[in-house]
Amino acid sequence: MGEYKFVSFGSGSSGNCYYLGNEEQGLFIDAGIGIRRIKRYMKEYGIKYNNIKGLIITHDHADHVKASGYLSQEMNLPVYTTQLIHEGIKHTFHSGKKIEACNCKLINPEEPFEIGDFKITAFPIPHDSTENMGYCIELGDKKFTIMTDVGFPTETVHKYIQISDYLVIESNYDEEMLKNGKYPITLKQRISSGTGHLSNRQAAETLAANFHECLKHVWLCHLSEENNHPELARKTIEYHLRSFGIIAGKDFQLEVLRRLIPTGPFILQ
Ligand SMILES: [Zn+2]
Ligand SMILES: [Zn+2]
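Summarised in this report is the structure supplied together with it.

What counts and what doesn't
Residues numbered from 1 in each chain as written. Chains lettered and ligands numbered in written order. Predicted model: local features only at pLDDT ≥ 70, side-chain atom pairs only at ≥ 80, totals over all residues. Heavy atoms only, no water. Donors = N, O, S within 2.8 Å, 3.2 Å for Na, K, Ca; no water. Tetrahedral: all angles 85-135°; square planar, octahedral: opposite > 155°, others 65-115°. Buried < 20%, exposed > 50% of the residue type's maximum accessible area, 1.4 Å probe, protein only. Helix = DSSP H or I, 4+ residues; strand = E, 2+ residues; numbered from the N terminus. Axes fitted to C-alpha atoms, helices over the stretch in contact; angles between N-to-C directions. Parallel < 35°, antiparallel > 145°, perpendicular 65-115°, else oblique. Left-handed = near helix turned anticlockwise from the far one by under 90°. Contact = heavy atoms within 4.5 Å. Nonpolar A, V, L, I, M, F, W, Y, C, P; charged D, E, K, R; others polar. Arc of directions from axis to C-beta.

Quick word on the coordination of the zinc ion (ligand 2)
Inference 1: At the metal site, the zinc ion (ligand 2) is ligated by His 59 (NE2), His 61 (ND1), His 127 (NE2) and Asp 149 (OD), and these contacts range over 2.2 to 2.5 Å.
Inference 2: One can describe the donor arrangement at the zinc ion (ligand 2) as irregular, given that its four donor atoms subtend angles of 89 to 173° at the metal.
Inference 3: Summarised as a motif, the one-chain spacing of the donors to the zinc ion (ligand 2) is H-x1-H-x65-H-x21-D.
Inference 4: In this model, the zinc ion (ligand 2) sits 3.4 Å from the zinc ion (ligand 1), the two metals being bridged by Asp 149.
Inference 5: Classification of His 59 as buried rests on a relative accessible area of 0%.

Below you can see the structure in the form of structure tokens.
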């Protein structure tokens with residue numbers, strides 16, 4: 001099927017949108033940036049409209065679904081997510097276009113479904129949206145897993161890291177920066193709660209606890225602008241894994257996804 005590439009079009013509270021595909025088929029994960037930017041980046045990265053087979057949605061927060069209706073209509077794309085999240089998008093998403101009923105595709109957690117040649121399994125991740133899904137996408141004999149907005153690293157989260165060759169995982173905030181930063185206390189509590197976001201330390205510990213030799217590439221996503229810094233996130237993860245003898249750049253590749261501009265393309269070997 002040819003080699004796959006992964007591109008992040010944007011990652012974080014200002015908007016999330018990720019592309020995964022090969023020469024024949026591709027899909028989007030989330031559509032939380034403007035439709036014009038999505039179209040511009042598609043052109044820049046040589047991604048063809050006709051190859052896109054679907055859009056999968058993690059959850060119904062605006063930074064993940066803002067452009068989902070537009071994107072679905074422009075490309076007549078089926079949109080895959082759970083019933084609760086589809087309802088959430090309908091009810092809580094005020095501006096912009098709704099997803100046409102015929103393009104609303106319902107999926108269930110832990111029940112594999114197919115988009116073109118992609119075999120995909122959704123799995124639940126705690127977060128303060130109606131529901132929040134991680135996705136494990138089979139690319140031939142390799143597995144690509146994305147888990148963003150992770151309130152807490154549950155057993156299910158651990159399980160999916162253990163079977164993944166490629167992993168996109170949240171590393172939202174530095175705990176000291178959040179504690180000492182200027183966010184109001186209620187927002188600080190929301191972010192650090194079990195239904196908020198994953199800290200650099202939690203991401204590091206979760207990776208260390210589940211690291212295995214097939215895990216070839218890890219991308220840190222959804223970094224906070226206010227309470228994190230790309231180099232700090234990278235160093236926190238590198239340092240922690242090193243204490244277990246796992247060396248970034250040698251045992252696996254570690255990348256940090258940019259918030260406002262694309263990162264990649266990354267060729268998945
Ligand atoms: Zn988010
Ligand atoms: Zn969210």
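Alright, that's what it looks like, and here's the rest.
A few points about unusual backbone geometry
Inference 1: Here the amide bond leading from Gly 264 into Pro 265 is cis, since omega sits at 5°, within 30 degrees of zero.
Inference 2: Its place among the elements puts Pro 265 in strand S14 (residues 263-268).
Inference 3: Positive phi, normally seen in glycine, also occurs at Asp 30, with a value near 65°.
Inference 4: A positive phi angle, close to 65°, is found at Glu 110, a residue other than glycine.
Inference 5: Locating Glu 110 in the fold gives a position in the loop between strand S6 (104-106) and strand S7 (113-115).

Some details on the packing of helix H5 (residues 155-162) against helix H8 (residues 200-210)
Inference 1: In contact at an axis separation of 9 Å, H5 and H8 are set at 55° when each is read in the N-to-C sense. Here H5 is positioned oblique relative to H8, judged by the angle of their axes. Handedness of the crossing formed by H5 with H8: right-handed. Counting all contacts with H5, which are made through Val 157, His 158, Ile 161 and Gln 162, the residues of H8 involved are Thr 206, Ala 209 and Asn 210.
Inference 2: Along the lines of polarity and charge, the residues of the contact of H5 with H8 split into three nonpolar, four polar and no charged.

Focus: helix H4 (residues 83-92)
Inference 1: All of the buried residues along H4 are Ile 85, His 86, Gly 88 and Ile 89. Seen end-on, H4 carries its buried residues on one side only, within an arc spanning 160°.
Inference 2: Where H4 is buried, its residues touch helix H2 (62-65), helix H3 (68-75), strand S5 (79-81), S6 and strand S9 (133-139).

Section: the coordination of the zinc ion (ligand 1)
Inference 1: Looking at the zinc ion (ligand 1), one finds its protein donor set to be Asp 63 (OD), His 64 (NE2), Asp 149 (OD) and His 222 (NE2), positioned 2.1 to 2.3 Å from the metal centre.
Inference 2: Coordination at the zinc ion (ligand 1) is irregular: its four donor atoms span angles of 92 to 162° at the metal.
Inference 3: Mapped onto the polypeptide sequence, the residues donating to the zinc ion (ligand 1) form the spacing pattern D-H-x84-D-x72-H.
Inference 4: With a relative accessible area of 2%, His 222 lands in the buried category.

Function cannot be inferred from these measures alone, as they are strictly geometric.
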